[in-house]
Amino acid sequence: MSLSLSQKKAVNLKDGPAMILAGPGAGKTMVITHRIRQLIETGVRPEQILVITFTRAAAQQMRTRFEQLSPEKGRRVTFGTFHSVFFQILKYAYHYTSENILREEEQFRLLSGMAEGLHLDTDDLKTWVQDVSAEISQVKTERINLDYFYSATCPEEVFRKICRNYERQKQLLRKIDFDDMCCYTADLFHARPDILANWQKRFAYILVDEFQDINGLQYEIVRELAAPENNLFIVGDDDQSIYRFRGSKPEIMLHFPKDYPDARIITLQENYRSTQCIVDASLSVIRQNRHRFQKDLRSVSEKGDPVEVLECRDPGEEYLYLVSAIRNNMKEGIRPGEIAILTRTNLQARGPAEKLMEFTIPVNLRDHMPLLYDHFTALDFLAYLRLAGGDRELGTFLRVCNRPNRYISREAAEASSRRTNGRAVLSFEALRAYYSDKPWMTDRIDALERDLERISGMKVYAALNYIRLGIGYDRFLKEYAEKRKLNLEELTETENEIQENSKPFSTGEAWEAHIEAYRKQMQDLQDQEGKMHEERQDAVTLSTFHSAKGLEFQEVYLVDVNEGMIPYKKAALESEIEEERRLFYVGMTRARKRLHILYVRERYNKVQKPSRFLDAFKSES
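One numbering rule holds for all chains: residues counted from 1, following each sequence as written. In keeping with the predicted nature of the model, local features appear solely for residues at pLDDT of at least 70, side-chain atom pairs appear and are counted solely at 80 or more, and the whole-chain, interface and lining totals rest on all residues. Each side-chain value is derived from all of the structure's non-hydrogen atoms; neither hydrogens nor water enter the calculation.

What about the sheet that holds strand β6 (residues 264-268)?
Across a sheet, paired strands are connected by hydrogen bonds in the backbone, their directions being either parallel or antiparallel. Each pair of strands is called paired provided DSSP finds at least two bridges between the two strands. The way it works is that DSSP assigns letters per residue, a run of H or I at least four long becomes a helix, a run of E at least two long becomes a strand, and they are numbered from the N terminus. Reading across from one edge, β3-β2-β4-β5-β1-β6 is the order of the 6 strands in this open sheet, with parallel pairing throughout. With one partner strand each, in any of the chains shown, β3 (78-81) and β6 form the two edges of the open sheet. Neighbour to neighbour, the strand axes of the sheet diverge by 15° on average, direction disregarded. When strand β2 (residues 49-53) meets β3, the two strands line up parallel, connected through 4 bridges. Paired with Leu50 across the bridge in β3 is Thr78. Here the axes come from fitting lines to C-alpha atoms, over the contacting stretch only for helices, and the angles between their N-to-C directions go from 0 to 180 degrees.

What follows is the structure, encoded as structure tokens:
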């Protein structure tokens, strides 16, 4: 494919700073690789060129694409991630080896061990570790005083204890993590100007891909490396800056022309990915943001179908529509791997995943997804249903006998049990006899038995409703959340999701059989997470907007596009709303041919509003 006029302008730049605004599908990889070749053809030695990307896969793809252009020069240009480049610098200064790098699994063991040692309640340990490590990263890369950082993951004192212990453990192991690579490189350059000067001579030309994702510390180091010649060529799109929680902010890119007043700015105006209808709809959304570079983008493709905006009655109808629409896509000859369902959070993917698997549609999960039925509320509901079905296993009884509190002691329950076929089985008669001198306790036991008898004749949805409101489980959950400083609203939403998904089932046994089958399917899917994408590409991709960045699909379905979902309910400040709008823009621009946007009218018997982001182009369509 030949270069466009704007691409040629970018490629032919040489000395000095430059910013290339590259929207979705703008062919930025082609611009970067052709610019490298142009630099070499005009006399720059390949060894003097440094190309920085954000992932190893992107670095390898960039190297491969360049080697196709210039096979004899490719191996001499340095392609790497920020972390690999910084580690190379530290390796020469401090003689680090790969053995000094703290691996992801080692970090997980350290942090999960601390959670266990501090007896923390974590419903999903993997998610908790990810959240804590992200906060530790923020403290380090933004150089925040630990005493003034307020954790959203755990109480402040607990977080500080975890941070300090984590750093001690790393030192004992003689390990550094990825954030240390940034921090130590910055410190090294400040302490040793001579070392900095050597690297400045080594890399006379620096190109940075996906610049909008850079954080403040990375930018500080890159600026120092590029000085004093400032041959810094950055490519990115401020409209796709969606990782503020990692420290990357669009303000860094927006301020680039102020940091480099002589910088040349070129906008790549062509979109080689999406139809004009998708380009127009996505631009009408992102133009509502005030703090951005203005861009006029056009598709080189056909006009295409209008963006479909569909209102569904509730999540159940939404999921059934997805099944029907994807089946039709496949009948049209579209491979499952060319279809994506995108959600704002990984938890929102649980409903579509469950429904697609029920209809045997192959699924590829891009994000860790906590299993809904492993949540403690789901396990409590199942325990109640088992007891209602006649199960008297001691462990089942102990799980819920004090949820809500009935003041039944473990000692009493164990004393009222006998072993049958290797299992401890509780007798309600024996439990009543144990408390025979306490009539208020026998009244509570009688009430529990009556409640279980009532539940036994109900369909699952009604039974869960009775457990929550009739028995008082929701009252227990409120006290539980207050005591442990948990988010009650999120716990209630999980309850609602569990209850909503139980509607099709008449008996607890049928529901539990469905749960076990679903759990096995989910485990099989998550076991495949480590496989190469090519091995599992013929499946519908289920992804968050964040994880879908950089991908593209023929058919894209954005689901749950409601207020509170996107923009997310916690977004209140203008900067947060603008970040949510950028995230929605990223989701929209993953589509090549057709884009479908779904929202629900009602969720868990509560009226829902469509996202305000839809107003921008609904009025134009």
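A look at helix α4 (residues 82-94)
Under the 1.5 Å per step criterion, the end-to-end length of α4 is 18 Å for 13 residues, consistent within 8% with the ideal 18 Å. Among the residues of α4, those classed as buried are Phe82, Val85, Phe86, Phe87, Gln88, Ile89 and Leu90. For this analysis, residues touch if any pair of their heavy atoms sits within 4.5 Å. Among the structural elements, β2, β3, α8 (178-191), α9 (193-202), β4 (205-208) and α10 (216-226) are those in contact with the buried residues of α4. Positive phi appears at His95, one or two residues downstream of α4, with a value of about 60°. Take the residue count of a helix, subtract one, and multiply by 1.5 Å to get its expected span. Note on exposure labels: buried denotes an accessible area under 20% of the residue type's maximum, exposed denotes more than 50%, and partly exposed covers the range between, all computed with a 1.4 Å probe on protein chains only.

Describing the nonpolar core
To qualify as a nonpolar core, a set must consist of buried Ala, Val, Leu, Ile, Met, Phe, Trp, Tyr and Cys residues joined through side-chain atoms within 4.5 Å. Grouped together as the largest cluster of nonpolar side chains are 71 residues, with contacts concentrated most on Ile341, Phe397 and Trp511. For this core, the two domains that each supply at least three residues are domain 3 (298-362 + 538-619) and domain 4 (374-511). For Ile341, the contacting residues outside a window of four places in its chain are Leu322, Ile326, Leu356, Val540, Thr541, Leu542, Ser543, Tyr557 and Val559. One finds Met19, Leu90, Val208 and Met253 within the second-largest nonpolar core, a separate group that totals 42 residues. In this entry, domain limits derive from an automatic or database-based domain assignment.

Topic: the domain arrangement of the protein
According to the domain assignment, the protein contains domain 1 (5-94 + 183-268), domain 2 (102-175), domain 3 (298-362 + 538-619) and domain 4 (374-511). For domain 1 and domain 3, the distance between their C-alpha centroids amounts to 33 Å. Opposite the 14 residues of domain 1 that make contact, domain 3 presents 10 residues. The salt bridge criterion pairs a side-chain nitrogen of Lys or Arg with a carboxyl oxygen of Asp or Glu, the two atoms within 4 Å. Put simply, domain 1 and domain 3 have 3 salt bridges between them. Any pair of nitrogen or oxygen atoms within 3.5 Å is treated as a polar contact; in protein, a donor-acceptor pairing is required on top of that, and neighbouring residues in sequence qualify only through side-chain atoms on both sides. The interface formed by domain 1 and domain 3 holds 8 residue pairs in polar contact (both at pLDDT 80 or more) in total. In this classification, the charged set is Asp, Glu, Lys and Arg, the nonpolar set is Ala, Val, Leu, Ile, Met, Phe, Trp, Tyr, Cys and Pro, and all remaining amino acids, among them Gly, are polar. Across the side of domain 1 that touches domain 3, the residue classes break down as 5 nonpolar, 3 polar and 6 charged.

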